[in-house]
Amino acid sequence: MKPTNILDPNYFHKVVDCQWACPAHTPVPEYIRLIAQERYTEAYMLNWDSNVFPGVLGRTCDRPCEPACRRVRTEEKPVAICRLKRVAADNKGDVTPWLPRVPTTKNGKKVALLGAGPASLAVARDLMPMGYEVHVFDKDPGGGGMMRSQIPAFRLPEAVLDEEVNLILDMGVQTHFNHPITSMKAMLDLGYDAYFVGTGAPRGRDLDLPGRKEVDAHVSIGIDWLSSVAFGHTTGISGKVIVMGGGNTAMDCCRTAVRLGAESVKVIVRSAFEVMKASPWEKEDAMAEGIPIINNRPPKEFVHENGKLKGIVFEVVKPVYGEDGRLRYEPSGEPDEYVECDHVLMAIGQENHCPWIERDIGIEFDKWDCPVLDEVTLQSTHPQIFFGGDAAFGPENIIWASAHAHKAAISMHLFLQGKDLHADRPPEHLNLVSAKMGVHEWAYDSRHDPSARHLVPHADRDKALHDLKLEVELGFDRKLGAQEAQRCLNCDVQTVFTPKLCIECDACVDICPMDCITFTADAEEIDLRQNLTAPALNPEQAIYVADGLKTGRVMVKDEDVCLHCGLCAERCPTNAWDMQRSVVHIPQVGNYSAG
């Protein structure tokens, strides 16, 4: 097997599973170490650099980093990465000295951002320090987009959102709020040099079932209803409420309906509980508030009487896995189930909806009504127009909006400077920095803490259910945050091997608590994985192979189970092993000269 090229930026990046899984590639272990050292402002700004909205995401992120956390391989629960982000946000000091400087003299190029949601705001954050004149347009009276209109205040307090939105707007962004965007042609006629479409996926899906049209007055589309609540147009809901759908929007709808006075609220889902799209913690929070989730119930008919909704008839099905491993639903043999209700909140999904983009201006759309984009540059088939966030590829979490924004901002900068959007794109980099401070002293806490994940404190349930704006999750205080931070395994501090220093004494093999180091004869990867002290059975995770040993053997380390504890480096008599912090540089317009 070929020796591992540890200078490939993506090799050690992929070993840091949490950072690799994060769409914005936030340097998770580094900011957790800063929290453990009570350097909250630095931890916040490290987050702000990559994901732009640490206070918001510390409360609302879908946490793709956590299922990837290596802690899952040693204990059941991952590090509370997302909630540690909130610890930094809640305890930071004045960030003003850390913010990028925006030149007062502009560079002569004007950019229009359509929509004031997370993607557009992040693009503004990246482009403003480069001297661009940035204008943002939105139909709402303030910035934030879906963060403001679709995330209830009991999950995301308005003050937290305002602070992080204003950090960007106060950089000098020219705002055009209460400005509905009704025509892309009209926007092009305004003569901006480049455009970014970050208008989200604003249309909620509906159902075409018998009786649906007759009960229209008693059915609300979930995202529209949440927006109406957020802006104060809807202040109550009465009677029996059914929420249809199994995603996070459905969870927000049902919890909001309880707080607005519904007599009863039920979530009814066509799929099985375990495959619902809602995050596990969102389902847990809804059920903890006494809201039942009824699964395997596809709707069949809306029942009404003289135009008044009476209830819904659901088929009863059962999930079945076929021989191909695919999940399908079959009739259970039970009779249809009738559920009474007075109001339905429809939260069965969202889709792109851009009727304001004329189809004759050079932007191609696919069969799902999504724009045809270059996935690397996010440029549309109209060279001046770029997309990001939900408007690009459909509904995703806020963290994806930040990731798209960084890519689009680089592309827009290159485009406006007359550069090639692919050939002149800045590369990723990797630096390796030794963590050695003494013979047995490291610049990080290498001890393995076997403690269980700490629970996040919650507000009093009865008070929370009667106050739409009372934040339910209270977050970790400094003490709990420090304790949870200790659970991080410091996966970005890598075990780096220098073959010419190795005397093949096998001391590292003897001391390794995970049996992840092996000295063996070389072989093809499929055989090599089986020949290790503990076979490396996860093909998704690399094995680190180094040759050049005097006996002709190779050193093989299974990156899947290594704890990065440093015992191999401490035990090695020749310093063939070293603990080196891998610093992955993900380029942005503001931190890399792209033109």
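In the block above lies the structure referred to throughout.
The following paragraphs examine the structure supplied in this document.

Rules used throughout
- Residues numbered from 1 in each chain as written.
- Predicted model: local features only at pLDDT ≥ 70, side-chain atom pairs only at ≥ 80, totals over all residues.
- Heavy atoms only, no water.
- Pairing = 2+ DSSP bridges.
- Helix = DSSP H or I, 4+ residues; strand = E, 2+ residues; numbered from the N terminus.
- Axes fitted to C-alpha atoms, helices over the stretch in contact; angles between N-to-C directions.
- Phe/Tyr/Trp six-rings, centres within 6.5 Å; stacked < 30°, edge-to-face > 60°.
- Buried < 20%, exposed > 50% of the residue type's maximum accessible area, 1.4 Å probe, protein only.
- Lys NZ or Arg CZ within 6 Å of the ring centre and 35° of its normal.
- Salt bridge = Lys/Arg side-chain N within 4 Å of Asp/Glu carboxyl O.

Our next topic: the sheet that holds strand β25 (residues 577-585). Taking strand neighbours across the sheet as the criterion, the 3 strands line up as β18-β25-β21 in an open arrangement whose pairing is antiparallel. In the strand order of this sheet, the two ends are held by β18 (429-434) and β21 (493-497), each with one partner. When the angles between neighbouring strand axes are averaged without regard to direction, this sheet yields 45°. Judged from the 6 bridges that link them, β18 and β25 form a sheet pairing that is antiparallel.

Turning our attention to the packing of aromatic side chains. In the structure shown here, the tally under the stated rule is 8 aromatic pairs. When the ring of phenylalanine 497 is compared with that of phenylalanine 519, the centres are 6.2 Å apart and the planes differ by 65°; the resulting orientation is edge-to-face. Taken together, the residues phenylalanine 497 in strand β21 and phenylalanine 519 in strand β22 (residues 517-520) connect sequence positions 22 residues apart. Among the residues examined, phenylalanine 519 registers a relative accessible area of 10% and is labelled buried. Site record: aromatic cluster; members linked through ring pairs are Tyr11, Phe12 and Tyr544. Geometry around tryptophan 281 places arginine 63 over its ring, the cationic atom sitting 3.7 Å from the centre. Cation over ring: arginine 125 sits above tryptophan 48, and NZ or CZ is 4.4 Å from the ring centre.

Bridge count between strand β12 (residues 317-321) and strand β13 (residues 327-331): 5 bridges; the pairing is antiparallel. Pairing of proline 319 across the sheet is with tyrosine 329, part of β13. Counting the residues that bridge the hairpin from β12 to β13 gives 5 residues, and of these glycine 325 lies at a positive phi of roughly 85°.

With that settled, consider the pattern of salt bridges. For the structure shown, the criterion picks out 35 salt bridges. A salt bridge links glutamate 289 to arginine 255; the nearest nitrogen and oxygen atoms lie 2.9 Å apart. Taken together, the positions of glutamate 289 in the loop between α14 (280-288) and β9 (293-294) and arginine 255 in helix α13 (residues 248-259) put the pair 34 residues apart, joining distant regions of the chain. Classification of glutamate 289 as buried rests on a relative accessible area of 10%. A salt bridge links glutamate 289 to arginine 259; its shortest N-O distance comes to 2.8 Å. Here glutamate 289, found in the loop between α14 and β9, pairs with arginine 259, found in helix α13; they are 30 residues apart in sequence, far enough to count as distant. This pair shows no difference in class: glutamate 289 is buried, exactly as arginine 259 is. Through salt bridges with shared partners, a single ionic network connects Glu30, Arg33, Asp492 and Arg581.

This part takes up the pairing of strand β11 (residues 308-314). Of all the 7 residues making up β11, 5 are buried; the element is thus mostly covered by neighbouring parts of the structure. Relative to β11, strand β10 (residues 299-305) is paired through 6 bridges, and the arrangement is antiparallel. Paired with histidine 304 across the two strands is leucine 309, which belongs to β11. Here β10 hands over to β11 after 2 residues, with asparagine 306 in that stretch at a positive phi of 55°. Alignment of β11 against strand β14 (residues 337-340), held across 4 bridges, turns out to be antiparallel. Its bridge partner lying in β14, phenylalanine 314 is registered against glutamate 337.

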